[in-house]
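So the chains spell out like this:
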Amino acid sequence: MLAKLAFLHTTDDRFIVLSEILSEVPHARPARFSVTTFDHEHSFLALAATAGLEEEQVVDIIANVLLSVSQPVVPHRWVDVELEEDDIERLRLLNEIVQGDNLLDRPTPTSNESTIGFEWDGKQFYNFLAHAPTPFVMMEGPEHTVKFINDAYVRLIGRMTDEFVTGYPIRKVLPELEGQPFFGILDRVYKTGVPFIGVEAPAILKSEFTGEDKHCFFDFIYHPLRNKEGIVSGIMVQSMEVTERVIARDVADSREQKLYTQWLELEAIYNNAPVGVALFDAHDLRVCRINDLQASYMGDEANALVGRVMKDAAFKVSSFKEVLERAARGELIKNAIIKNDPESPEEGQRTWSVSITPFFAKSGTIEKLSSISLEISDLTAKHAVTA
Amino acid sequence: LSKQKRATSAATEPFTPLTKGTTAVESTAATLLSVVRRLVSIPDLATVQCLSTNGTTTILLTVAAIDFIRVTGEDGRTARSLRTVVSAIASTSNEHVQLAIEAIDGKHIEAAP
């Protein structure tokens, strides 16, 4: 038997299935109507998916449930399915039978009838849309002839006036959109009555002001308008340009990627440089960053040194601390020669050429000290021998 | 989703229809694809792929970037509904299947929690 189903959900997330089940023999038995409430659409979806219906019917029902929840329309969408009595029972459609009262023909209360205490006529609505800062356009018929466009939409599509817009089919108004997906979507909304919501859709428009193509992105909705018989007779469009938002996000993504690449490059330089490299906090000489070579000069491992405040005893080479402190006072250190203090003759004398650059904050205070140390022990030894 | 999985997905011919009924998971994926193609604006770009990793089966649903929000819905509501459908169909064959959704541009990914 033929069953007509419609779906809706309430603000408290309950899910309602309206059904009209027609008898196989015309006029033999009156149609049965029911309203079945589920705690959530998931309960009904699970039933529909496992009820053993034909796949085409499962797809019909599930797709209409999802559309009814995500894009509700009034009048409701109806889906026709062939069901057996067992199927009706498995879908729990006749749990609450209402005989002889066609609930489906009852007018749906609109928000102004139920909650707003004033008349909302067409003229007020027209004025509201005409002056709204948000772009609106209304089109009529399968050719999508523009019947209403507000100033904001005229500006949005890059036209100076609505002179060659109102009264013309949208394909003639915006010929530059041919080949882009918008006309096809409009046709589909008109044909199916299913609204379409576009998010950050790219478009190319021709500006009457500059004569140039403008690449832009839009959030928009194509919402079908129905006549008294419930047949789609036009489409209302609300649109918003979001080009700046899209570009800003792309720039941020690109900047993040660039920073990450720079960080990788710096990391590679730190790890592979043939000199000791380190970054110190200028206030307490805390090690912020250090490579293995510099750590070995300081008698420890890099992982153990990062984050440590270098007290006097931590410096194997006391003169290194002295040049760091000079740099912390603002002095640029270039090729300062420092030597270690060997505790035993076996340890040997080692010599480094050290350069330290203080980094200044915007306030003028010194924040960090960047040091580069080149060991020149062999050179000084040879020089001593030669002398 | 790992890069490896996405690479596998990208290599799939986008217009190749899934063979129905080969396995329960593929049958579930075929039904899912039929439903999704009713929701999206560019049905030809909607594809599904069955992936199996460490004993977990995942159906990877790929749609055009413009349709991503249509198959995930506000706050992921439509995605949760699709997961309910997938779980329900798969459970009739005692299968446990996860659903991941991604846009063709790879920027948007909605993976199972």
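As the structure is a prediction and not an experimental result, all values here were calculated from the model.

A.B. asks: Quick question: what am I supposed to make of the overall build of chain B here?
C.D. replies: The helix and strand inventory of chain B stands at four helices and four strands. Starting at the N terminus, the α and β elements of chain B follow one another as α-α-β-β-α-α-β-β. For chain B, the residues scored as buried account for 48% of the 113 residues in total. Nonlocal contacts in chain B, meaning residues at least 24 apart in sequence, comprise 61% of its contacts between residues at least 6 apart.

A.B. asks: How should the interface of chain B and chain A be read in this particular structure?
C.D. replies: Many authors give the size of an interface as the accessible area that is lost as the parts come together. Contact residues are listed per partner, giving 24 residues for chain B and 28 residues for chain A. Between chain B and chain A, roughly 2200 Å² of surface is buried when both sides are summed, and carbon and sulfur atoms account for 61% of that area. At the junction of chain B and chain A, the tally comes to two salt bridges. Residues E41 of chain A and R77 of chain B are paired through a salt bridge, measuring 2.7 Å at the closest nitrogen-oxygen approach. Counting residues per element, the ones that place at least two in the side of chain B that touches chain A are α2 (24-39), α3 (68-72) and α4 (77-91) of chain B.

A.B. asks: Help me out: how do you make sense of the pairing of strand β9 (residues 213-226) of chain A in this one?
C.D. replies: Walk down a regular strand and you will see the side chains alternate between the two sheet faces. Residues and elements named next belong to chain A. In terms of strand pairing, strand β8 (residues 196-206) meets β9 through nine bridges, oriented antiparallel. Bridging from a neighbouring strand, A201 pairs with F218 of β9. Between β9 and strand β10 (residues 232-241), which follow one another and run antiparallel, lie five residues, and G230 among them has a positive phi close to 85 degrees.

A.B. asks: Can you walk me through the environment of I69 of chain B in this structure?
C.D. replies: Residues and elements named next belong to chain B. Mapping I69 onto the fold places it in helix α3. A relative accessible area of 39% places I69 in the partly exposed class. Each C-alpha atom of the pair I69 and V40 lies 9.4 Å from the other, and the pair is 29 residues apart in sequence.

A.B. asks: What am I meant to see in the sheet that holds strand β6 (residues 136-140) of chain A here?
C.D. replies: Each strand in a sheet pairs with another by means of backbone hydrogen bonds, the pair being arranged parallel or else antiparallel. All names here are of chain A. As summarised here, the arrangement of the five strands in space is β7-β6-β10-β9-β8, forming an open sheet in which the pairing is antiparallel. The open sheet has two edge strands with one neighbour each: β7 (145-149) and β8. Sheet twist, expressed as the average angle between the axes of neighbouring strands with direction ignored, equals 35 degrees.

A.B. asks: For this particular structure, what's the right way to read α2 of chain B?
C.D. replies: Three- or four-residue spacings in an α-helix give side chains the same orientation, since the helix completes a turn every 3.6 residues. The end-to-end C-alpha distance of α2 of chain B is 23 Å, a good match for the 22 Å that 16 residues give at a rise of 1.5 Å each. Among all positions of α2 of chain B, only V25, T28, A29, A30, T31, L32, L33, V35, V36 and L39 of chain B are buried. Structurally, α2 of chain B contributes buried residues whose contacts are with α2 (55-70) of chain A together with β1 (47-53), β2 (56-63), α3, α4 and β3 (97-103) of chain B.

A.B. asks: Whenever I open this one, the sheet that holds strand β12 (residues 287-290) of chain A confuses me. Can you help?
C.D. replies: All names here are of chain A. Taken together, the five strands give an open sheet; going across it, the order is β12-β11-β15-β14-β13, and neighbouring strands pair in antiparallel fashion. Because the sheet does not close on itself, it has two edges, and the strands there are β12 and β13 (333-339). For this sheet, the mean inter-axis angle between neighbouring strands, taken without regard to orientation, is 25 degrees. Where strand β11 (residues 276-281) meets strand β15 (residues 366-375), six bridges bridge the pair, whose relative direction is antiparallel.

A.B. asks: Would you mind showing me how to read the nonpolar core here?
C.D. replies: As a rule of thumb, soluble globular proteins bury nonpolar side chains together. Counting 57 residues, the largest nonpolar core has F7, F44, I61 and L91 of chain A together with V36 and I59 of chain B as the members making the most contacts within it. Other than its neighbours up to four places away in sequence, I61 of chain A contacts L5, F7, F44, A48, L53 and V81 of chain A. Formed by 30 residues, the second largest nonpolar core is a distinct cluster that contains I149, F182 and F218 of chain A together with I66 of chain B.

A.B. asks: Looking at this structure, how should I read a negative patch on the surface?
C.D. replies: Negative charge collects at one region of the surface, where E82, E84, D86 and E89 of chain A lie side by side. Relative to the helices and strands, E89 of chain A resides in helix α3 (residues 85-90).

A.B. asks: Explain the packing of helix α1 (residues 41-50) of chain A against α2 of chain A to me, please; I cannot follow it from the model alone.
C.D. replies: Helix packing geometry: the angle between the two helix axes and the distance between the axes. Residue and element names in this part refer to chain A. The N-to-C vectors of α1 and α2 enclose an angle of 170 degrees; their axes lie 9 Å apart at closest approach. Judged by the angle between their axes, α1 and α2 are roughly antiparallel. In this structure, α1 meets α2 at a crossing whose hand is left-handed. Residues E41, F44, L45, A48 and A49 of α1 lie in contact with α2, whose contacting residues are V58, I61, I62, V65, L66 and V69. Along the lines of polarity and charge, the residues of the contact of α1 with α2 split into ten nonpolar, no polar and one charged.

What counts, and at which threshold
Residues numbered from 1 in each chain as written. Chains lettered and ligands numbered in written order. Predicted model: local features only at pLDDT ≥ 70, side-chain atom pairs only at ≥ 80, totals over all residues. Heavy atoms only, no water. Helix = DSSP H or I, 4+ residues; strand = E, 2+ residues; numbered from the N terminus. Buried < 20%, exposed > 50% of the residue type's maximum accessible area, 1.4 Å probe, protein only. Contact = heavy atoms within 4.5 Å. Buried area = accessible area lost by both parts, 1.4 Å probe. Salt bridge = Lys/Arg side-chain N within 4 Å of Asp/Glu carboxyl O. Pairing = 2+ DSSP bridges. Axes fitted to C-alpha atoms, helices over the stretch in contact; angles between N-to-C directions. Expected span 1.5 Å × (residues − 1). Core = buried A, V, L, I, M, F, W, Y, C linked by side-chain atoms within 4.5 Å. Patch = residues over 30% accessible without salt bridge, like charges linked within 9 Å, V, L, I, M, F, W, Y side chains within 5 Å. Areas by Shrake-Rupley, 256 points an atom, 1.4 Å probe, with all protein chains shown as cover. Lys, Arg positive; Asp, Glu negative; His and termini not counted. Charge placed at Lys NZ, Arg CZ, Asp CG, Glu CD. Parallel < 35°, antiparallel > 145°, perpendicular 65-115°, else oblique. Left-handed = near helix turned anticlockwise from the far one by under 90°. Nonpolar A, V, L, I, M, F, W, Y, C, P; charged D, E, K, R; others polar.

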